[in-house]
Amino acid sequence: METNGSSAPEASLDDPLEPGSRPHVRLEALVRGAAHGPSSERALAGPAGERAPAGDGAAGEPLAARLARRTVRGALYEPGPEEGYLRCTACAHRCVVSPGRAGACGVRFEQDGELRVPFGYVARHYVRSVETNTIFHVRPGARSLTFGMFGCDLRCPYCQNWKVSQALREPEGDGEPIDMSAADLVDLAVAAGCEVLASAYNEPMITAEWARAVFTEARRRGLVTALISDGNTTPEALAYMRPVADVFRVDLKGWSADQYRTLGGRVEPVLAAIGEARRLGYWVEVVTLVVPGFNDKEAGLRALGAEIARVDPDIPWHLNAFYPRYKMRDRATTDPAFLVDVAGVAYARGMKYVYVSNVADSVRELSHTRCPGCYEVVVRRFNYETQEVLLSGGACPSCGTRVPGLWGPAAA
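Basis of the calculations
- Residues numbered from 1 in each chain as written.
- Predicted model: local features only at pLDDT ≥ 70, side-chain atom pairs only at ≥ 80, totals over all residues.
- Heavy atoms only, no water.
- Helix = DSSP H or I, 4+ residues; strand = E, 2+ residues; numbered from the N terminus.
- Contact = heavy atoms within 4.5 Å.
- Areas by Shrake-Rupley, 256 points an atom, 1.4 Å probe, with all protein chains shown as cover.
- Axes fitted to C-alpha atoms, helices over the stretch in contact; angles between N-to-C directions.
- Parallel < 35°, antiparallel > 145°, perpendicular 65-115°, else oblique.
- Left-handed = near helix turned anticlockwise from the far one by under 90°.
- Nonpolar A, V, L, I, M, F, W, Y, C, P; charged D, E, K, R; others polar.
- Salt bridge = Lys/Arg side-chain N within 4 Å of Asp/Glu carboxyl O.
- Pairing = 2+ DSSP bridges.
- Expected span 1.5 Å × (residues − 1).
- Buried < 20%, exposed > 50% of the residue type's maximum accessible area, 1.4 Å probe, protein only.
- Phe/Tyr/Trp six-rings, centres within 6.5 Å; stacked < 30°, edge-to-face > 60°.
- Lys NZ or Arg CZ within 6 Å of the ring centre and 35° of its normal.
- pLDDT = per-residue confidence, 0-100.
- Core = buried A, V, L, I, M, F, W, Y, C linked by side-chain atoms within 4.5 Å.

Asker: Before we go on, may I ask you to explain the overall build of the protein chain in this structure?
Answerer: Scanning the protein chain from N- to C-terminus turns up 9 helices and 21 strands. For the protein chain, restricting intrachain contacts to residue pairs at least 6 apart in sequence, the fraction spanning at least 24 positions comes to 68%. Of the roughly 16100 Å² that the protein chain leaves accessible, carbon and sulfur atoms contribute 47%.

See the structure below:
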């Protein structure tokens, strides 16, 4: 496999890439009856008051079966083109799901004429600074509880969280579902002093019904809510989440059809989602992980910056360095000097907030937020940690220029 930036890894042709494609994940007999399996004392309320049973079955039971039992009826689906088929609208695959089968994500499946969706558990949850979610214009320095579930609509070969996101595709998938209610999860966040609650680690839109329940409780408790997404979603899902979600942080992974085919998706829905989220009033930040030999052509990255600026030049763009992981352990880390060059071009072409991350020891100045008017530092950071917030009422203290973001009381 080449690693000089001229070619991408060979794509698999087995996965659905177009809207309405038939799903490639087949649960067959596994899910039949599993969603209504043994319950426990701790049932969890779903979108329409339904309750997702918890508890485990036989020892050695496959993860897919354990997850199928932790489901409720979904909200993001519609009748399919044929009798008995359903069309899921949570992600841009818009899978047409046949009876007893799952969509491309592996966790949303048809049963008894309805779509069953994940609910009432987490795969992981951690309390860290909000900046570790690569969000820089939201409550800088605040603590954030970040949680995720299992499954994903894409299959990125460099995924940092592959043991969770790809757990249904990989024999080395990691972890057990941790049963909890939305209130339990928010209680953990509040007890830890968090101001932000984020859904990440896998794709949150394929578990939107659960994220909405959690975010509803989080909003009630005064927390900011954030979706850390691959952006491969739909207007329906964005509208469904908007009443309870403040932030849509998007991974924009490339610019070409070939690159996104490698990942199992398409670039067009991601670009459309960035624009739609901004239109709906989400605070939007965009991250591009620059992977040598995959998406590190300067012309392509310039094009991505132009696409973001076309939506809104105030959208922060994070250029992150790649480190070898998962199925891409054969290539070098990203050259920090290259990221600085790309950031410079983006600034020259009108973007106002461009950051370079994952290289704190090499590039420090491009972690700070600077006033677009006088270029003074208004938020100082190092290695995903905020050191100083100098904003006054959300504006530069030197020249008064407003700096967009969800700064909160600490920066008001």
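Asker: Would you take a moment to explain the packing of helix H3 (residues 182-191) against helix H4 (residues 208-220) for this structure?
Answerer: Each pair of packed helices gets described by two things: the angle between the helix axes and the distance between those axes. Where H3 contacts H4, the axes come no closer than 9 Å and their chain directions differ by 50°. Judged by the inter-axis angle, H3 sits oblique to H4. Crossing angle aside, the handedness with which H3 passes H4 is right-handed. Contacts between H3 and H4 involve Ala 182, Ala 183, Leu 185 and Val 186 on the former and, on the latter, Trp 210, Ala 213, Val 214, Glu 217 and Ala 218. Grouping the constituent residues of the contact of H3 with H4 by class yields 8 nonpolar, no polar and 1 charged.

Asker: In this structure, what is going on with the pattern of salt bridges? I would like to understand it.
Answerer: Where charged atoms from two side chains of opposite charge come close, those side chains can pair. Overall, the coordinates contain 23 salt bridges when judged by the stated rule. When salt bridges with common partners are traced through the structure, they connect Asp 187, Glu 217, Arg 220 and Arg 221 into a single cluster.

Asker: Help me understand the pairing of strand E21 (residues 385-389) in this model?
Answerer: Each regular strand shows side chains that alternate between the opposite faces of the sheet. Where strand E20 (residues 377-382) meets E21, 4 bridges bridge the pair, whose relative direction is antiparallel. Along E21, the bridge assignment pairs Val 379 with Val 389. Following E20, the chain reverses through 2 residues before pairing antiparallel with E21; Asn 383 in that reversal takes a positive phi of roughly 50°.

Asker: Explanation requested: helix H8 (residues 298-311) in the structure shown.
Answerer: Helical geometry: 3.6 residues make up each α-helical turn, so side chains three or four residues apart lie on a common side. For H8, with 14 residues, the first-to-last C-alpha span of 20 Å sits near the 20 Å given by 1.5 Å per residue. Taken together, the buried positions of H8 are Gly 300, Leu 301, Leu 304, Gly 305, Ile 308 and Ala 309. Check the buried side of H8 and you find it contacts strand E16 (283-290), strand E17 (317-321) and helix H9 (336-348).

Asker: Which parts of the structure should I look at to understand the packing of aromatic side chains?
Answerer: Remark: the centre distance and the inter-plane angle together describe each pair of aromatic rings, the angle taken between the planes. Counted under the stated rule, the structure contains 8 aromatic pairs. Ring geometry for Phe 119 versus Trp 210: centroids 5.1 Å apart, planes at 75°, classification edge-to-face. Here the residue Phe 119 occupies a position in the loop between strand E8 (114-118) and strand E9 (121-122), and Trp 210 occupies one in helix H4, the gap between them amounting to 91 residues. With relative accessibility at 1%, the residue Trp 210 sits in the buried group. The rings of Phe 136, Tyr 355 and Tyr 384 are connected pair by pair, giving a single aromatic cluster. In this structure, Arg 128 is placed above the aromatic ring of Tyr 126, and the distance from its NZ or CZ to the ring centre is 4.4 Å. Over the ring of Tyr 240 we find Arg 212; its NZ or CZ atom is 4.6 Å from the centre of that ring.

Asker: Looking at this model, I keep getting lost on the sheet that holds strand E14 (residues 224-229). Mind explaining?
Answerer: The 8 strands lie next to each other as E10-E11-E13-E14-E15-E16-E17-E18, forming an open sheet whose pairing is mixed. On the outer flanks of this sheet lie strand E10 (124-129) and strand E18 (354-357), each paired with one strand and no other. Within the sheet, the average angular offset between the axes of one strand and its neighbour, ignoring direction, is 20°. Sheet topology places strand E11 (residues 143-148) next to strand E13 (residues 196-199); 4 bridges connect them, and they run parallel. In the strand pairing of E13, Phe 147 is matched with Ser 199. Relative to E14, H4 is tilted by about 155°, and along the sheet it contacts E11, E13 and E14.

Asker: It is not clear to me how the packing of H8 against H9 should be interpreted in this structure. Could you clarify?
Answerer: Interhelical geometry of H8 versus H9 gives an angle of 40° and a closest axis separation of 10 Å. As the angle between them shows, H8 and H9 are arranged oblique. Seen from above, H8 lies across H9 with right-handed handedness. Together, Glu 298, Leu 301 and Arg 302 of H8 and Phe 338, Val 342 and Val 345 of H9 make up the contact between the two elements. Taken together, the residues of the contact of H8 with H9 sort by class into 4 nonpolar, no polar and 2 charged.

Asker: What is the right way to read the sheet that holds E8 from this model?
Answerer: In a beta sheet, neighbouring strands are held together by backbone hydrogen bonds and run either parallel or antiparallel to one another. Taken in spatial order, the 3 strands line up as E3-E8-E7 in an open sheet, and their pairing is antiparallel. Two strands bound the open sheet, and with one partner strand each, they are strand E3 (71-73) and strand E7 (109-111). Here the average twist between neighbouring strands, direction ignored, is 45°. Bridging between E7 and E8 involves 3 bridges; their strand directions are antiparallel. The partner of Phe 109 across the bridge, within E8, is Arg 116.

Asker: Looking at this structure, I do not really get the confidence of the model for the protein chain. What am I missing?
Answerer: When pLDDT is averaged along the protein chain, the result is 88; 84% of the residues meet or exceed 70. A low-confidence stretch, residues 1-25 (pLDDT under 50), is modelled with 69 contacts involving residues beyond four sequence positions or located in other chains. Note on residues 28-44: pLDDT under 50 across the span, and 47 contacts to partners over four residues away in sequence or across chains.

Asker: Help me out: how do you make sense of the pairing of E14 in this one?
Answerer: Burial runs high along E14: 6 of the 6 residues are buried. On E14, burial covers both faces: Val 224, Ala 226 and Ile 228 on one face and Thr 225, Leu 227 and Ser 229 on the other are all buried. Of the strand pairs in this sheet, E13 and E14 are connected by 4 bridges, and their pairing is parallel. Of the residues in E14, the one forming a bridge with Val 196 is Val 224.

Asker: Just to check I follow, could you spell out the nonpolar core for this structure?
Answerer: Note that soluble globular proteins tend to have their nonpolar side chains buried in a common cluster. With 94 residues, the main nonpolar core has Met 241, Phe 248 and Trp 317 as its most contacted residues. In terms of residue count, H4 provides more of this core than any other element does, 6 residues in total. Residues in contact with Phe 248, not counting those within four places in the same chain, are Met 205, Leu 227, Ser 229, Gly 231, Thr 233, Leu 238, Ala 273, Ala 277, Tyr 282, Trp 283, Val 284 and Glu 285.

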